[in-house]
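Summary of the model geometry
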Amino acid sequence: MTSNIKTSETNKAVTARFTEQFKNKHIVDSVDELFSPRASLHLPLGEEPVGPDGQKDIGRAIFAAFPDVHVTIDTIIADGNFVAERHTARGTHKGEFMGIPATGKKIHWTENHFYRVEDGLIQEVWSEWSYQNLMNQLTK
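Residues numbered from 1 in each chain as written. Predicted model: local features only at pLDDT ≥ 70, side-chain atom pairs only at ≥ 80, totals over all residues. Heavy atoms only, no water.

Comments concerning the overall build of the protein
If you tally the helices and strands in the protein, you get four helices and five strands. Listed N to C, the secondary structure of the protein is α-α-β-α-β-β-β-β-α in terms of helices and strands. What you see for the protein is a C-alpha radius of gyration of 15 Å, in line with the 14 Å of a compact globule of 140 residues. Every one of the 140 residues in the protein was classed for burial, and the buried ones make up 41%. Pairs at least 24 apart in sequence give 58% of the contacts found in the protein among residues at least 6 apart. Summing over all exposed atoms, the protein offers an accessible surface of approximately 7500 Å²; the carbon and sulfur share of this is 54%. (Helix = DSSP H or I, 4+ residues; strand = E, 2+ residues; numbered from the N terminus. Rg over C-alpha atoms; globule rule 2.2 N^0.38 Å. Buried < 20%, exposed > 50% of the residue type's maximum accessible area, 1.4 Å probe, protein only. Contact = heavy atoms within 4.5 Å. Areas by Shrake-Rupley, 256 points an atom, 1.4 Å probe, with all protein chains shown as cover.)

Considerations on the pattern of salt bridges
Pairing of side chains with opposite charge becomes possible as their charged atoms draw close. Enumeration over the complete set of coordinates arrives at eight salt bridges. Across the pair Arg116 and Glu118 runs a salt bridge, and its minimum N-O distance is 2.8 Å. Overall, the relative accessible area of 30% leaves Glu118 in the partly exposed class. Salt bridges sharing partners connect three or more residues here, namely Asp29, Asp32 and Lys56. (Salt bridge = Lys/Arg side-chain N within 4 Å of Asp/Glu carboxyl O.)

Thoughts on the packing of aromatic side chains
This model, assessed by the stated rule, comprises nine aromatic pairs. With centroids separated by 5.2 Å and ring planes inclined at 50°, the aromatic side chains of Phe66 and Trp109 adopt a geometry described as tilted. Of this pair, Phe66 sits in the loop between α3 (51-65) and β2 (70-79) while Trp109 is found in strand β4 (residues 106-118), placing the two residues 43 residues apart along the sequence. Here Phe66 and Trp109 have matching classes, each one buried. (Phe/Tyr/Trp six-rings, centres within 6.5 Å; stacked < 30°, edge-to-face > 60°.)

Topic: the environment of Val69
When you line up the elements, Val69 lands in the loop between α3 and β2. Of the residues examined, Val69 reaches a relative accessible area of 5% and is grouped as buried. Distance from Val69 to His26, taken between C-alpha atoms, is 8.9 Å for residues 43 residues apart in sequence. Setting aside anything within four residues of it in sequence, one finds Val69 in contact with Lys23, Asn24, His26, Ile62, Phe63, Ala89, Arg90, Gly91 and Trp109.

A few points about helix α4 (residues 131-139)
Within α4, the full set of buried residues consists of Leu134, Met135, Gln137 and Leu138. Projection of α4 onto a plane perpendicular to its axis shows the buried side chains occupying an angular sector of 160°, all on one side. Across α4 from its buried face, at more than 90 degrees, point the exposed residues Gln132 and Thr139. Residues of α4 that are buried in the fold lie against β4 and β5 (121-129). (Arc of directions from axis to C-beta.)

Topic: the pairing of strand β3 (residues 82-92)
For β2 and β3, the ladder comprises nine bridges, and the chain directions are antiparallel. Bridged to Ile76 within β3 is Glu85. (Pairing = 2+ DSSP bridges.)

Focus on the nonpolar core
For soluble globular proteins, the rule of thumb is that nonpolar side chains tend to be buried together. Counting residues in each nonpolar core, the largest one holds 27 residues, and the members touching the most others are Phe18, Phe35, Phe66, Ile122 and Leu138. For this core, the secondary-structure elements that each account for two or more residues are α1 (2-24), α2 (30-34), β1 (35-42), α3, β3, β4, β5 and α4. With near-sequence residues (within four places) excluded, Phe66 lies in contact with His26, Gly91, Thr92, His93, Phe97, Ile107, Trp109 and Leu138. (Core = buried A, V, L, I, M, F, W, Y, C linked by side-chain atoms within 4.5 Å.)

Below, the structure is given as structure tokens:
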């Protein structure tokens, strides 16, 4: 049991570091240190990017549209190799996002991520986010 607790805490630290380094500080290359080269990304909008480069592409698109985006971790729970994270993102829409030109609006959205972490690297991520809420804020 103690080993599982230690693994859980270590894996929570990996995903929290990903959130801080990549999502908040926008250090795109931090993905190379935190993701397995064969990482799988499962996203709600269809085409799924592959590996660290896919995650970097997602980040670059979000950072271009919302250059001041900042994420607050609302909940993080781990059990062995699995980490569940819910967070709130806030940013200002200053660049094109999914075909919508910059509006200058300050918006927020929530995201839920379920990570599988092994040997200190993120192996898999399943993500869901409040897409409709985000799009409503941009278009109304």
